[in-house]
Amino acid sequence: MTQLTIIANIIAKEDKIELVKSELLKLIDVTRAEQGCINYNLHQDNEAPKHFLFYENWESRELWQTHMDNQHLKDYLAATEGAVDTFTLNEMTSIA
């Protein structure tokens, strides 16, 4: 199994920053307890507080995909519908 790094960028709408932040924070403990989660770290940009970034490492892509199908992510998507301007996700592999 190859470790997978995920970089997820979430840009909240200006008037929805606190909503998105509170919903993202709800994901932390439940995700960190999932099988295969090595780390799951949320960051907020100091200069642009509407920009959130998850830095995640997973034991394998398969275990990350299991995470992506979990109910808590579906709940997050429902709670933040219309509150996020952009979402980008990069699947990465460490090369050095």
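Structure: see above.
Computed from a prediction, not measured in an experiment: that's the story for all the values here. Residue positions are given per chain, counted from 1 along the sequence in the order it is written. pLDDT decides what is reported in this predicted model: residues at 70 or higher carry local features, side-chain atom pairs at 80 or more are listed and counted, and totals for whole chains, interfaces and linings draw on all residues regardless. The side-chain numbers reported here are obtained from all heavy atoms of the structure, hydrogens and water having been left aside.

Trainee: What exactly am I supposed to notice about the sheet that holds strand S1 (residues 4-12) here?
Mentor: By definition, the strands of a sheet pair up through backbone hydrogen bonds, in either a parallel or an antiparallel sense. Pairs of strands are assigned from DSSP output, requiring at least two bridges between the strands. Numbering of helices and strands runs from the N terminus; a helix is a DSSP stretch of H or I covering at least four residues, while a strand is a stretch of E covering at least two. If you trace the four strands from one edge of the open sheet to the other, you get S2-S3-S1-S4, paired in antiparallel fashion. Bordering the open sheet on either side are strand S2 (37-44) and strand S4 (84-92), each of which pairs with just one other strand. Geometrically, the sheet is characterised by an average inter-axis angle of 10 degrees between neighbouring strands, direction not taken into account. Looking at chain direction, S2 and strand S3 (residues 51-58) are connected through seven bridges and run antiparallel. Across the sheet, residue Asn41 finds its bridge partner in S3, namely Tyr55. Packing against the sheet, helix H1 (residues 17-32) makes contact with S1, S2, S3 and S4, and its axis sits at approximately 165 degrees to S2. For every element, the axis is a line fit to its C-alpha atoms; helices are fit only across the contacting stretch, and the angle between N-to-C directions ranges from 0 to 180 degrees. Contacts: residue pairs with any heavy atoms within 4.5 Å of one another.

Trainee: Teacher, can you tell me more about the pattern of salt bridges here?
Mentor: Close approach of charged atoms allows side chains with opposite charge to pair. Whenever a carboxyl oxygen of Asp or Glu lies within 4 Å of a side-chain nitrogen of Lys or Arg, that contact is scored as a salt bridge. Inspection of every chain in the model, using the stated rule, returns three salt bridges. The shortest N-O distance in the salt bridge between Glu14 and Lys50 comes to 3.7 Å. Linking Glu14 in the loop between S1 and H1 with Lys50 in the loop between S2 and S3, this pair joins segments that are 36 residues apart in sequence. On the basis of relative accessibility, which here comes to 28%, the residue Lys50 falls in the partly exposed class. The partner of Glu23 in a salt bridge is Lys26, and the shortest N-O contact between them spans 2.9 Å. Of the two residues, Glu23 and Lys26 both sit in helix H1, three residues apart, roughly one turn of that helix. The classification of residues rests on relative accessible area computed with a 1.4 Å probe and restricted to protein chains. Under 20% of the type maximum is buried, over 50% is exposed, and intermediate values are partly exposed. Here Glu23 falls in the buried class, since its relative accessible area comes to 11%.

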